Amino acid sequence: MPITEQIVDAFVRCETKAHLKLDAVPRIPSELSRWQQRLKEDYRKECNELLRSAFQSYPGTPDLPSLKSCCHALILGYVVALPEIDAQIDALVLRRQISARMDCPYIPIRFVRSESISIFDKLLLAFDAVAFSKAYGKMPRLGRIIHGRDHRTAAVPLSRLVRRINSVLKALTEQRARNFSPPLALNKHCVECEFQSRCREIAVAKDDLSLLPTLSSKERKKQNDKGIFTVLQLSYTFRSPRRLSHSLAKHYRWSSGSPSGLAALVWRLQWEASREAGVKKSLIVYNAEDCEAADRVATALVAMCSPNSGSESSYSTVNADALTREFPRQFGNVDFVLPEFRKINDAAYWDYQRSKVYVRSNSRLRRQEHNAANRQSISKVPVNKLVMMNEERPSACLRCASTLIYRIGRTNQTVYDLRFSPVGVKRWVVKYSHRRFICWKCKTTSNARTQT
Ligand code: SF4
Ligand SMILES: [Zn+2]
């Protein structure tokens with residue numbers, strides 16, 4: 001089976017998904033993926049129409065000699081069908097100038113419906129380039145993405161992305177050759193994945209740690225290194241109140257089977273486009289059931305918090321205060337049935353002491369932790385734009401009026417702002433780099449900000 005765009009897209013999101021697709025495991029396409037596919041097709045048609053009306057184009061896949069002789073300025077829907085790779089390139093455009101570094105005369109174009117371009121879109125463009133290079137013999141170094149409602153064009157340099165795609169292709173080939181199945185870990189992509197019910201079933205049966213969405217993969221690995229692989233094992237490293245909320249969601253069944261805010265969003269958009277009565281009904285039923293479920297949770301919480309909840313509540317949860325110990329309290333060493341449990345217990349207890357008890361009780365450590373968290377969160381914010389300010393050297397020192405002034409390096413100023421676009425609001429960080437000057441007489445330093 002050749003490697004396709006769908007398999008590469010699956011691999012960069014979840015290795016298990018790529019493996020399942022390669023193995024042709026039967027799947028149930030989710031409502032969301034069907035809808036996304038439809039929108040993608042519509043957008044492709046729209047872009048094709050637009051390009052056809054503006055330029056003379058060749059529809060389909062011309063033969064290699066005519067491709068080499070550069071007779072077509074624009075090709076729409078070029079298909080690469082090789083035993084190892086299979087791709088349909090949205091469009092190929094002929095370059096006006098060819099340099100020694102960029103010897104491939106064609107630029108692949110990809111149509112992306114969304115306003116913003118994600119790394120996945122860029123990687124798939126690089127996959128198109130790799131597929132084209134296998135058929136044509138030369139690698140495009142530049143690609144273009146037409147995106148959004150206004151069909152804007154973005155140029156994408158491909159060298160680094162192509163390297164990444166080549167490593168993905170290598171990993172996929174190895175995966176197939178060794179028939180290796182990657183370990184299952186539920187992730188953010190699962191809500192829109194067609195294997196969702198299958199993977200969830202396996203994860204629930206294994207009581208896998210990835211069932212906890214707030215546990216990052218790094219944290220999960222840390223727990224695995226300690227010998228903790230299941231939610232139950234993890235729950236023993238915490239105090240009992242953590243276990244109370246685990247079964248609340250099981251008390252309600254949505255009639256649609258797999259409730260999610262995302263599905264409701266899809267129905268809403270579908271209804272806006274089609275005004276279908278069936279879609280509207282699904283949306284109303286989902287919203288009504290959502291309210292009912294919230295009401296059920298609120299009632300359960302009230303029942304749990306009442307003083308006599310331990311004996312009378314109809315829910316399978318109890319107030320932690322009402323719990324009695326199942327064994328006599330005792331100090332000293334605990335005899336573990338399995339010696340591995342001692343190691344787990346020691347590590348868990350040590351973590352608990354350090355992060356929950358000692359840091360909380362010591363004000364200096366608490367302050368340090370708080371400052372470190374703040375410093376980290378600010379420094380991690382990526383800068384969207386760097387502005388190099390090349391100010392003139394001041395004519396005289398503001399302090400001593402000396403004219404002997406030299407440049408010494410630069411200072412930075414970061415401005416955090418919001419940027420509004422047709423699709424929403426995003427954080428916008430601009431870093432200004434100012435020239436810095438020093439008065440050689442009084443050693444006062446200044447930059448554009450101190451001069452004003
Ligand atoms: S459901 Fe989640 S874990 Fe399973 S294949 Fe899809 S993305 Fe991967
Ligand atoms: Zn001075």
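This is a predicted model, so every value here is computed, not measured.

A. The arrangement of the overall build of the chain in detail. Secondary structure assignment for the chain yields 15 helices and 11 strands. Residue burial in the chain is summarised as follows: out of 452 residues, 17% are buried.

B. A look at the site of ligand 1. Looking at ligand 1, there are 13 residues lining it, with Cys-14, Lys-17, Cys-190, Cys-193 and Cys-199 nearest. When residues of the shell around ligand 1 are traced back to their parent elements, those giving at least two are α2 (15–22) and α7 (196–206). At 3 residues, the largest contribution of residues to the shell around ligand 1 is made by α2. Its residues assigned to classes, the shell around ligand 1 comprises 8 nonpolar, 4 polar and 1 charged.

C. The arrangement of the nonpolar core in detail. Ranked by internal contacts, the top residues of the largest apolar core, which has 37 residues, are Val-8, Leu-92, Ala-126, Phe-127 and Ile-165. Taken together, the elements giving at least two residues each to this core come down to α1 (5–13), α3 (31–54), β3 (74–81), β4 (85–94), β5 (106–112), α5 (119–136), β6 (142–147) and α6 (159–178). For this core, the element with the most residues is α5, which contributes 8 residues. Among all residues touching Leu-92, those that are not within four sequence positions of it are Ile-75, Tyr-78, Tyr-106, Ile-107, Pro-108 and Ile-109. In this structure, Leu-20, Leu-184, Cys-193 and Cys-199 belong to the second largest nonpolar core, which totals 7 residues.

D. Layout of the pairing of strand β10 (residues 424–439). One ladder, built from 4 bridges, connects strand β8 (residues 385–388) with β10; its direction is parallel. Paired with Val-387 across the two strands is Tyr-432, which belongs to β10. For strand β9 (residues 405–421) and β10, the ladder comprises 15 bridges, and the chain directions are antiparallel. From the neighbouring strand, Arg-407 faces β10, where its bridge partner is Phe-437. Hairpin connection of β9 to β10: 2 residues between the antiparallel strands. Alignment of β10 against strand β11 (residues 445–447), held across 3 bridges, turns out to be antiparallel. Bridging across to β11, Ile-438 finds its partner in Thr-445. Here β10 hands over to β11 after 5 residues, with Lys-443 in that stretch at a positive phi of 65°.

E. Just the packing of α1 against α2, in detail. At a minimum axis separation of 5 Å, α1 and α2 run at an interaxial angle of 150°. The angle between α1 and α2 places the two elements in the roughly antiparallel class. For the pair formed by α1 and α2, the contact residues are Gln-6, Ile-7, Ala-10, Phe-11 and Arg-13 on the first element and Glu-15, Lys-17, Ala-18, Lys-21 and Leu-22 on the second. Residue composition of the contact of α1 with α2, grouped by class: 5 nonpolar, 1 polar and 4 charged.

F. Structural context of unusual backbone geometry. If you check the backbone angles, Cys-70 has positive phi at about 55° while not being a glycine. Topologically, Cys-70 is positioned in the loop between α4 (64–68) and β3. Positive phi values are uncommon outside glycine, yet Arg-275 reaches one of about 55°. Within the element layout of this structure, Arg-275 appears in the loop between α10 (261–274) and α11 (277–305). Among the residues examined, Arg-275 registers 9 C-beta atoms within 10 Å and is labelled exposed.

G. Seen up close, the confidence of the model for the chain. Considering every residue of the chain, the mean pLDDT works out to 82; 83% of them sit at 70 or more. Contacts from residues 240–249, a stretch scored under 50 in pLDDT, to residues over four places away or in other chains number 11 contacts.

H. Up close: the pairing of β3. As judged from the 2 bridges shared by strand β2 (residues 58–59) and β3, these two strands associate in the parallel manner. Pairing of Pro-59 across the sheet is with Leu-76, part of β3. Here β3 runs beside β4; their pairing, made up of 7 bridges, is antiparallel. Opposite Ile-75, over in β4, you have Leu-92 as the bridge partner. Connecting β3 to the next strand, β4, in antiparallel fashion are 3 residues.

I. Focus on the packing of α5 against α6. Interhelical geometry of α5 versus α6 gives an angle of 80° and a closest axis separation of 9 Å. It follows that α5 is roughly perpendicular to α6 by the angle criterion. Only Leu-161, Val-162, Arg-164, Ile-165 and Asn-166 of α6 make contact with α5, whose side of the interface consists of Lys-122, Leu-123, Ala-126, Phe-127, Ala-129 and Val-130. When grouped by side-chain class, the residues that make up the contact of α5 with α6 number 8 nonpolar, 1 polar and 2 charged.

J. Main features of α1. Every buried residue of α1 is listed here: Ile-7, Val-8, Ala-10 and Phe-11. With its buried residues spanning 160° around the axis, α1 presents them on a single face. Looking at the packing, one finds that the buried side of α1 touches β1 (3–4), α2, α5 and α6.

K. Fine view of the environment of Tyr-432. Considering the arrangement of structural elements, one finds Tyr-432 in strand β10. A count of 17 C-beta atoms within 10 Å places Tyr-432 in the partly exposed class. Note: C-alpha distance between Tyr-432 and Thr-414 (18 residues apart in sequence) is 6.2 Å.

L. Summary view of the environment of Val-425. In this structure, Val-425 sits in strand β10. Not counting the four nearest positions on each side in its chain, Val-425 is found in contact with Leu-418 and Phe-420.

M. Structural view of the environment of Leu-172. Within the secondary structure layout, Leu-172 lies in helix α6. Judged by the 19 C-beta atoms lying within 10 Å of it, Leu-172 falls in the partly exposed class. Here the alpha-carbon distance between Leu-172 and Leu-22, two residues 150 residues apart in the chain, equals 8.9 Å.

Conventions adopted
Residues numbered from 1 in each chain as written. Chains lettered and ligands numbered in written order. Predicted model: local features only at pLDDT ≥ 70, side-chain atom pairs only at ≥ 80, totals over all residues. Helix = DSSP H or I, 4+ residues; strand = E, 2+ residues; numbered from the N terminus. Buried ≥ 20, exposed ≤ 12 C-beta atoms within 10 Å, placed from the backbone. Near = placed C-beta within 6 Å. Nonpolar A, V, L, I, M, F, W, Y, C, P; charged D, E, K, R; others polar. Core = buried A, V, L, I, M, F, W, Y, C linked by C-beta atoms within 7 Å. Contact = placed C-beta atoms within 7 Å. Pairing = 2+ DSSP bridges. Axes fitted to C-alpha atoms, helices over the stretch in contact; angles between N-to-C directions. Parallel < 35°, antiparallel > 145°, perpendicular 65-115°, else oblique. pLDDT = per-residue confidence, 0-100. Arc of directions from axis to C-beta.

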